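Remarks on the overall topology
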Amino acid sequence: MSVATAEPIAHRLVGQESTWTTVVWDDPVNLMDYVTMVFMRYFGYPRERATQLMIQVHYRGRATVAEGNKEEMEVAVHAMHGYGLQASVEKGGQG
């Protein structure tokens with residue numbers, strides 16, 4: 001699946017066998033509103049879900065923002081880096 005398709009990535013990943021995750025990490029640079037906007041724009045999350053994830057990043061230090069196959073998660077991490085966010089790919093079930 002290409003990330004460039006019209007359907008938001010979050011909707012395409014639901015129901016797939018999720019063995020890998022994209023984790024976004026807290027940083028001292030990006031504003032909370034900006035992180036929320038990135039989650040809405042890239043993953044297609046509604047504002048409420050994007051805000052919940054941003055709050056997890058801010059207060060817990062990290063949030064799992066997507067699940068799917070390894071290649072898609074690597075693409076998502078690369079995109080997060082493009083937005084200036086710290087992110088990594090992890091094997092599913094690690095938190």
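Residues numbered from 1 in each chain as written. Predicted model: local features only at pLDDT ≥ 70, side-chain atom pairs only at ≥ 80, totals over all residues. Heavy atoms only, no water.

**What to know about the confidence of the model for the protein chain**
This is how it is decided: The pLDDT value tells you how sure the predictor is about a given residue, anywhere from 0 up to 100. Residue contacts are defined here by distance: any two heavy atoms, one from each residue, within 4.5 Å place the two residues in contact.
Chain-level pLDDT for the protein chain is 87 on average; 78% of the residues reach the 70-or-more range. Long-range and interchain partners of residues 1-6, a stretch whose pLDDT sits below 50, account for 9 contacts in this model, where long-range means more than four residues apart.

**Quick notes on the sheet that holds strand β3 (residues 86-91)**
To keep it simple, the criterion reads: Strands were regarded as paired on the criterion that DSSP finds at least two bridges between them. Note on conventions: DSSP H or I runs of at least 4 residues are helices, E runs of at least 2 residues are strands, and numbering of each starts at the N terminus. Fitted lines through C-alpha atoms serve as axes, helices being fitted only where they are in contact, and the angles separating the N-to-C directions of these axes extend from 0 to 180 degrees.
Ordered in space as β2-β1-β3, the 3 strands form an open sheet in which the pairing is antiparallel. Every other strand in the sheet has two partners, leaving β2 (62-68) and β3 as the edge strands with one partner each. Averaged over all neighbouring strand pairs, the angle between strand axes comes to 25°, with direction disregarded. Direction of pairing for strand β1 (residues 20-25) relative to β2: antiparallel, over a ladder of 6 bridges. Counted as the bridge partner of tryptophan 20 is glycine 68 from β2. Packed onto the sheet, helix α3 (residues 47-60) meets β1 and β2 and runs at close to 135° relative to β2.

**Some words on the pattern of salt bridges**
Worth spelling out the cut-off: We define a salt bridge as a contact between a side-chain nitrogen of Lys or Arg and a carboxyl oxygen of Asp or Glu at a distance within 4 Å. Relative accessibility decides the category of a residue: with a 1.4 Å probe and only protein chains considered, values under 20% of the type maximum give buried, values over 50% give exposed, and everything between is partly exposed.
By the definition in use, this model includes 1 salt bridge. Linking arginine 62 and glutamate 90 is a salt bridge whose minimum nitrogen-to-oxygen distance equals 3.1 Å. Of this pair, arginine 62 sits in strand β2 while glutamate 90 sits in strand β3; the two residues are 28 residues apart in sequence, bridging distant segments of the chain. Just as arginine 62 is buried, glutamate 90 falls in that class too.

**Describing helix α4 (residues 70-82)**
Cut-off, in case you're wondering: How far a helix is expected to stretch is found by multiplying one less than its residue total by 1.5 Å. Throughout, the arc means that of the directions going from the helix axis to the C-beta atoms. For this analysis, a polar contact is any N or O atom pair within 3.5 Å, provided that within protein one partner can donate a hydrogen and the other can accept it, and provided that sequence-adjacent residues contribute only side-chain to side-chain pairs.
Taking 1.5 Å of rise per residue, the 13 residues of α4 would be expected to cover 18 Å, and the 18 Å separating its terminal C-alpha atoms lies within 8% of that figure. Within the sequence span of α4, burial applies to Glu72, Met73, Ala76, Val77, Ala79 and Met80. Relative to the axis of α4, the buried residues are bounded by an arc of 160° and lie together on one face. Facing away from the buried surface of α4 by more than 90 degrees, the exposed residues are Glu71, His78 and Gly82. Where α4 begins, one side-chain oxygen reaches toward the backbone nitrogen of glutamate 71, 3.1 Å away; that side chain belongs to asparagine 69. Backbone geometry just downstream of α4 places glycine 84 in the positive-phi region, at approximately 85°.

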